[in-house]
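Architecture at a glance
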Amino acid sequence: MTAGLHQLPVKMLGDLISPRALERILQDAATSRGTTPGGMDSQTLEDILKREVFKRLQLSVPAPLAKRRVSEVLAELSRTTQERAPLNDAALDELEEHARRFALYFDWPETQRLRGLLGVARQEQEAGRDIAPLVQEGRDLTAQMDRRLQEGLVVQAQDLAELRAIFTRVQGLGSREVRRLDTLIAQIDEAQTQGTLVPGEVDRARTLTYTLRKLLESSVVQGLGGGDSAESALAQARVLELEREHALQALNAAEQEFAALLLVRPELRAQFETLRGNGAQPPPTAQALEGWCETLRTVLAEVLSEQRDELSALERDLSGHPAGAGVRVSLDAARHLLDRGSLASDELRALGTARGALQASPDGAGLSGEAGLNAGRELLEIERTARDLPGAAAELAPLIAEAQAALSHGQEANLDPLWAVLERHMGAAAQERESFDDRADRIVAEYDAVRGLAGETTQRLGRLADTLRAQRRLGPMSAAARSRYAQTLDDAETLLAEAQAEYRAAQEVAATFGDDALSGLLGVFELGALGQEPSVPADPNEAEVWTLQGCMLLSGPRDEITVPLTNLITLAEDMGVTDLTMDSAGHRWAAQRDAEGLWQVTRTRR
């Protein structure tokens, strides 16, 4: 190896990571490979740059920046040594294995581009041409898809935990919908174990939980006679909150389904933001949302037709010029996407840049079609990255427009100033991520101190703590994942404050009442502490009996004690308790759950 070549990464990446840290990475990586930094050949150093160095950079800067800077080092390394590792069938076989792994997600643009890339790479290899750039792009695509998959699995794990928690509340209903929900949860659990996303099953399970929870809460309102009591009002408020929550979930699902369309039609994005509101106004009704989605489907069909016509025109215009590998990959990817009913906006825009370059300089004096395509794709990468960084898109908009105009006229465009703007925003995003990780570590640590406290607050906090652990383990995040991370942190911090307050209150009660703490805590469950003496049967010695299944009161007196009683049984089920005995000032309470999930609660005078 050329003397001092291992210093090249230290020199070129020193502004992103400290030289001392980078030297340690090179030393450790070389040692693990049985060599030293000074004794590495170019292939070994290239491998270390792509693996250890690239991975370390992503801890401080987002993946696009890390990828670009490592690529610059690799290019300089190649120029310096004039050595490149030979590529053979094994490299393409590896990419094809990855393509099969992600074949289930055919609607992802990366999946279709990888499919097109593999076909072109085989053709290029048979013609004896260098396929190193294609193989590298394929590896980059698989890395992007793996990140997308891991982010999706974190969300799916959180959904699964919430579905399980809700199932414990509604399983006592014993209906066909409950059994269907149980089956869906089992299917989602199996898919999660296998590392597979099943969004259809998750959506159906969410719809079922909404229906069952609404039925459960509505039964409480009916059990109370639908009057104007505080308990009835509280139950009705819970029904309204369920409806609001379900509408927001449906709205978010629609945004995800039509994300590509909203990106190319700003007027539709504006309509969506109006529909979503600012949180102060009620969410749209199910009918209004379905009407809006139907409008989007109509517009999507129109845009797909327009893009198919545009692709046909591009194929016709480009057919008279020698088509490089990049042009053929983009043409194949666009064709596959449109055939699947997905928009191919980015591929068509890059191809349009290539056509513009060829038409502006047919004699080859300006950019070639392939060079124009590559420059257009780099500009697209800058634009996509800017969308994920607050404030970057607005600042870069005039620079992107200027560069796009130059490329369309077959002129070279200097994209370095655009990358400089991005790097500044990326640095801020990296610092924000570090702050997020610190908050997550603190929440998880403080949750461990209160996790022994029974109650719904602690259980919900526990589920969020699990989600934070999973989010903390993710590498570079997309804008959507970063937004979910921030929301999880906010929700967890709110619940942590509540749990800590409950923990302090429990400690104070225990310190004050000692062995009688349980009786003192009966007021927490609103049993015998409702401001008036509960109703009693005509015969003072006769026991009152209630029968419940989950939160549903099947039989027994319906009075002011009904809601706190159902809340107590719900809490007991959450804790796995099947037998309760409690004493209040004038009554003894006993509750038992049988093998079929039915609770029998009795109240007798002491």
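Here's a quick rundown of the structure. (Residues numbered from 1 in each chain as written. Predicted model: local features only at pLDDT ≥ 70, side-chain atom pairs only at ≥ 80, totals over all residues. Heavy atoms only, no water.)

Brief notes about the overall build of the chain
Helix and strand counts for the chain come out as 22 helices and five strands. Here the chain holds 606 residues, and the buried ones make up 42% of them. Taking the intrachain contacts of the chain between residues at least 6 apart in sequence as the baseline, contacts between residues at least 24 apart amount to 68%. Approximately 30500 Å² of the chain is accessible, and the part contributed by carbon and sulfur atoms is 50%. (Helix = DSSP H or I, 4+ residues; strand = E, 2+ residues; numbered from the N terminus. Buried < 20%, exposed > 50% of the residue type's maximum accessible area, 1.4 Å probe, protein only. Contact = heavy atoms within 4.5 Å. Areas by Shrake-Rupley, 256 points an atom, 1.4 Å probe, with all protein chains shown as cover.)

Quick notes on the packing of aromatic side chains
Under the counting rule described, the total for this entry stands at six aromatic pairs. Judged by centre distance (6.4 Å) and plane angle (35°), the rings of Phe-102 and Trp-108 are tilted. An identical accessibility class is assigned to Phe-102 and Trp-108; each is buried. Measuring from ring centre to ring centre gives 5.7 Å for Trp-546 and Trp-589, while their planes differ by 20°; the resulting arrangement is stacked. Of this pair, Trp-546 sits in strand β1 (residues 544-549) while Trp-589 sits in strand β4 (residues 587-593), and the two are 43 residues apart along the sequence. Trp-589 shares its class with Trp-546; the two are buried. An aromatic cluster of at least three residues, connected via ring pairs, comprises Phe-102, Tyr-105 and Trp-108. Here Arg-340 stacks its cationic end above the ring of Phe-106, 4.9 Å away from the centre of that ring. (Phe/Tyr/Trp six-rings, centres within 6.5 Å; stacked < 30°, edge-to-face > 60°. Lys NZ or Arg CZ within 6 Å of the ring centre and 35° of its normal.)

Topic: the environment of Arg-482
Residue placement: Arg-482 occurs in helix α20 (residues 479-513). Looking at Arg-482, the relative accessible area reads 14%, which means it is buried. As a C-alpha pair, Arg-482 and Phe-436 span 46 residues in sequence and 9.2 Å in three-dimensional space. Excluding residues within four positions of it along the chain, Arg-482 makes contact with Asp-388, Leu-389, Glu-432, Phe-436 and Met-477.

As for the pattern of salt bridges
Counted under the stated rule, the structure contains 51 salt bridges. Across the pair Glu-245 and Arg-213 runs a salt bridge, and its minimum N-O distance is 3.4 Å. Remark: Arg-213 occurs in helix α9 (residues 199-223) and Glu-245 occurs in helix α10 (residues 230-257); sequence separation between them is 32 residues. Using a relative accessible area of 30% as the deciding quantity, one classes Glu-245 as partly exposed. Overlapping salt bridges bring together Arg-439, Arg-442, Glu-446, Asp-490 and Glu-493 as one network. (Salt bridge = Lys/Arg side-chain N within 4 Å of Asp/Glu carboxyl O.)

Notes on the nonpolar core
Counting 38 residues, the largest nonpolar core has Leu-49, Val-53, Leu-396 and Leu-422 as the members making the most contacts within it. Looking at this core, the elements that each hand over two or more residues are α1 (7-12), α2 (19-32), α3 (42-57), α4 (63-81), α16 (369-387), α17 (392-408) and α18 (416-450). Setting aside anything within four residues of it in sequence, one finds Leu-422 in contact with Ile-382, Thr-385, Ala-386, Leu-389, Ala-392 and Leu-396. Counting residues in hydrophobic clusters, the runner-up holds 32 residues, among them Leu-251, Leu-289, Leu-348 and Leu-358. (Core = buried A, V, L, I, M, F, W, Y, C linked by side-chain atoms within 4.5 Å.)

A short note on the pairing of strand β3 (residues 579-583)
The alternating pattern of β3 places Leu-580 and Met-582 on a buried face and Asp-579, Thr-581 and Asp-583 on a face that is not buried. Across five bridges, the pairing between β3 and β4 is antiparallel. In the sheet register, Thr-581 faces β4, and the bridge partner there is Ala-590. (Pairing = 2+ DSSP bridges.)

A few points about the layout of surface pockets
Put simply, the second largest pocket is a space of about 230 Å³. Around the second largest pocket sit Tyr-210, Glu-243, His-246, Ala-247, Ala-250, Pro-283, Pro-284, Thr-285, Ala-286 and Leu-289, which together line it. Residue assignment for the lining of the second largest pocket shows that the elements contributing at least two residues are α10 and α13 (286-318). If one sorts the elements of the lining of the second largest pocket by residue count, α10 sits on top with four residues. Per-class residue counts for the lining of the second largest pocket are seven nonpolar, two polar and one charged. (1 Å grid on protein atoms, 1.4 Å probe; cavity = no way out; pocket = protein on both sides within 12 Å on 5 of 7 lines; lining within 4 Å. Points joined across faces, edges and corners; volume = space filled by probe spheres on them. Nonpolar A, V, L, I, M, F, W, Y, C, P; charged D, E, K, R; others polar.)

Describing the packing of helix α7 (residues 132-170) against helix α19 (residues 456-473)
One way to put it is that α7 packs onto α19 with a least axis distance of 9 Å and a crossing angle of 165°. If you check the angle between α7 and α19, you find them roughly antiparallel. Our pair here, α7 against α19, has a crossing hand that is right-handed. Together, Val-154, Gln-158, Ala-161, Glu-162, Ala-165 and Arg-169 of α7 and Glu-456, Arg-463, Leu-464, Thr-467, Ala-470 and Gln-471 of α19 make up the contact between the two elements. A breakdown of the residues in the contact of α7 with α19 according to their chemical character gives five nonpolar, three polar and four charged. (Axes fitted to C-alpha atoms, helices over the stretch in contact; angles between N-to-C directions. Parallel < 35°, antiparallel > 145°, perpendicular 65-115°, else oblique. Left-handed = near helix turned anticlockwise from the far one by under 90°.)

Topic: the pairing of β4
Bridge count for β4 against strand β5 (residues 598-605) is seven bridges, and the pairing is antiparallel. Bridge pairing links His-587 to Arg-605 in β5.

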